[in-house]
Amino acid sequence: MLKDARILVTGGCGFIGSNFILHLLREYPGCRVVNLDKLTYASNPNNLRHVQDDARYRFVEGDICDAKLVDRLMADVDAVFNFAAETHVDRSLLEAGSFITTDVYGTYVLLEAARRYGNVRRFVQISTDEVYGDMPEGQSARETDALRPRSPYAASKAGGDMQCLAFFETYGLPAIITRAANNIGPRQHVEKVVPLFATSALRDQPLPLYGDGRQVRDWLYVEDHCRALDLIARAGEPGEVYNIGAGNYQENINVAEAILDLLEKPRSLIRFVTDRQGHDRRYSLDSSKLRTVGWSPRYDFHSALANTVAWYRENRWWWAPIYADALFQEYFERQYGERLAQGVPYDLRTST
Ligand code: NAD
Ligand code: TYD
């Protein structure tokens, strides 16, 4: 299916999309990849500099909401992987409009073009465990569960998922939805928690831990995610949903401590700060459906985290310019300025 295929990847200059394009070009020598990316603040064209001269790869700067452009690109495509999205929960709490535009309307524009041409054999919608909402201890979301998104980001992604299912049911468009857990690995923007904590530690700056730090996430190494997407595109059933979780559960405080230990930095860098509004306490996926298709993760939490932290330690050139960017500084101040000023030091909180 992917061998010799013409593949449209959207959002390929972001974190997972860039890892996936590198995966495709490595695994499928005969494939051709078009990367449509708007180059938002979260992207980094450097992510794909190693393949920019590869004849099999073409970059198109543009918006998935631009129907004319999407229509042109879709004309000779066999498979679509839609990674393009606004992705940061905290930003969605400040302004949700761009999330709804890209994650819902943009997905519709892609689906509509794919339906019109009829040559698309797989439309893979990259979604998230966050659409299921908060999972009580002892429970894991199954693909058939009701969606209970609680943040504007999660609600927008759920809207995109629903469009895909509607296009499958109505027009027979071979859409597949994947819902993955929190990814870590090289080239993730520093606004997300693991890169933020790793780069803050490397800069000897405080690590802002929300609330009591006992929230639980399942940490999936990006390479394992890419292998899962590859398999699902080839062996998954159209109209189906596949959860992708590694089972690498950790509380945020353990993640912060592990990052500091790996970098040999003091735990006193941790600051407990005001919690995120509507913060989901726990995510958990039941991924048995995908495991029966033949996928299992290769990275446990510690190997995934060690690889990720090592990458940020060795690639300061990649992330240091983000901290020097005026718009990022403005965002950082808005998000963390007051919180950090009023933050509770690690030793005070953990010794009581
Ligand atoms: P990212 O924020 O790193 O990258 C998103 C990319 O999409 C950027 O390159 C950006 O420029 C591009 N983009 C944004 N709006 C666009 C538009 N309108 N048109 C074209 N391009 C646009 O995101 P990521 O972490 O790589 O996530 C990729 C996908 O995976 C998203 O759909 C996200 O919801 C999903 N996902 C992410 C995670 C995670 O932990 N990062 C987990 C599960 C699912
Ligand atoms: P994040 O990387 O934003 O992913 P998501 O909210 O999509 O799971 O956050 C992961 C966890 O880390 C989440 O429980 C919120 C927490 N967190 C902090 O404690 N401090 C921070 O500065 C950030 C960005 C996140």
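This section reports on the structure supplied with the text. As the structure is a prediction and not an experimental result, all values here were calculated from the model.

1. Examining the site of ligand 1
Right, on to step 1. Lining the immediate environment of ligand 1, one finds 29 residues, of which I16, D37, T87, Y153 and K157 sit closest.
Right, on to step 2. Within the backbone of I64, a nitrogen or oxygen atom sits 3.0 Å from a nitrogen atom of ligand 1.
Right, on to step 3. Here ligand 1 loses 97% of its free accessible area of 840 Å² to cover by the protein chains.
Right, on to step 4. Where the shell around ligand 1 is concerned, the elements lending two or more residues are α1 (15-27), β5 (122-128), α5 (152-171) and β7 (182-184).
Right, on to step 5. Each residue belonging to the shell around ligand 1 can be placed in one class, and the counts come to 13 nonpolar, 12 polar and 4 charged.

2. Regarding the layout of surface pockets
Right, on to step 1. Of the voids in this model, the largest pocket is the one considered here, and its volume is about 520 Å³.
Right, on to step 2. Elements supplying a minimum of two residues to the lining of the largest pocket: α3 (89-94), α4 (97-117), α11 (316-324) and α12 (326-341).
Right, on to step 3. For the lining of the largest pocket, the per-class residue count stands at 11 nonpolar, 5 polar and 6 charged.
Right, on to step 4. The residue makeup of the lining of the largest pocket includes at least three contributed by each of domain 1 (6-185 + 218-244) and domain 2 (193-216 + 248-276 + 299-350).
Right, on to step 5. If you trace the second largest pocket, you find 18 residues lining it, with H23, R26, E223, C226 and R227 closest to the centre.
Right, on to step 6. Within the residue set of the lining of the second largest pocket, elements represented by two or more residues are α1 and α7 (222-235).
Right, on to step 7. When residues in the lining of the second largest pocket are grouped by element, the largest group, 7 residues, is from α7.
Right, on to step 8. A class-by-class count of the residues in the lining of the second largest pocket yields 7 nonpolar, 3 polar and 8 charged.

3. Comments concerning the environment of G160
Right, on to step 1. By the secondary structure assignment, G160 is in helix α5.
Right, on to step 2. Along the chain, G160 and Y108 lie 52 residues apart, while their C-alpha atoms are 7.3 Å from each other.
Right, on to step 3. Each residue touching G160, except ones within four places of it in the same chain, is listed here: D103, V104, T107 and Q125.

4. Details of the packing of helix α2 (residues 67-74) against α4
Right, on to step 1. Look at α2 against α4: their axes get within 9 Å of each other, and the N-to-C directions meet at 40°. In this view, α2 runs oblique relative to α4, as classed from their interaxial angle. For the crossing formed where α2 meets α4, the hand is right-handed. When α2 is examined against α4, the residues A67, V70, D71 and M74 are found in contact with a partner set consisting of V109, L110, A113, A114, R116 and Y117.
Right, on to step 2. Of the residues in the contact of α2 with α4, the class split is 8 nonpolar, no polar and 2 charged.

Rules of the game
- Residues numbered from 1 in each chain as written.
- Chains lettered and ligands numbered in written order.
- Predicted model: local features only at pLDDT ≥ 70, side-chain atom pairs only at ≥ 80, totals over all residues.
- Heavy atoms only, no water.
- Near = heavy atom within 4 Å.
- Polar contact = N/O pair within 3.5 Å; in protein donor to acceptor, adjacent residues only side chain to side chain.
- Areas by Shrake-Rupley, 256 points an atom, 1.4 Å probe, with all protein chains shown as cover.
- Helix = DSSP H or I, 4+ residues; strand = E, 2+ residues; numbered from the N terminus.
- Nonpolar A, V, L, I, M, F, W, Y, C, P; charged D, E, K, R; others polar.
- 1 Å grid on protein atoms, 1.4 Å probe; cavity = no way out; pocket = protein on both sides within 12 Å on 5 of 7 lines; lining within 4 Å.
- Points joined across faces, edges and corners; volume = space filled by probe spheres on them.
- Domains from an automatic or database assignment.
- Contact = heavy atoms within 4.5 Å.
- Axes fitted to C-alpha atoms, helices over the stretch in contact; angles between N-to-C directions.
- Parallel < 35°, antiparallel > 145°, perpendicular 65-115°, else oblique.
- Left-handed = near helix turned anticlockwise from the far one by under 90°.

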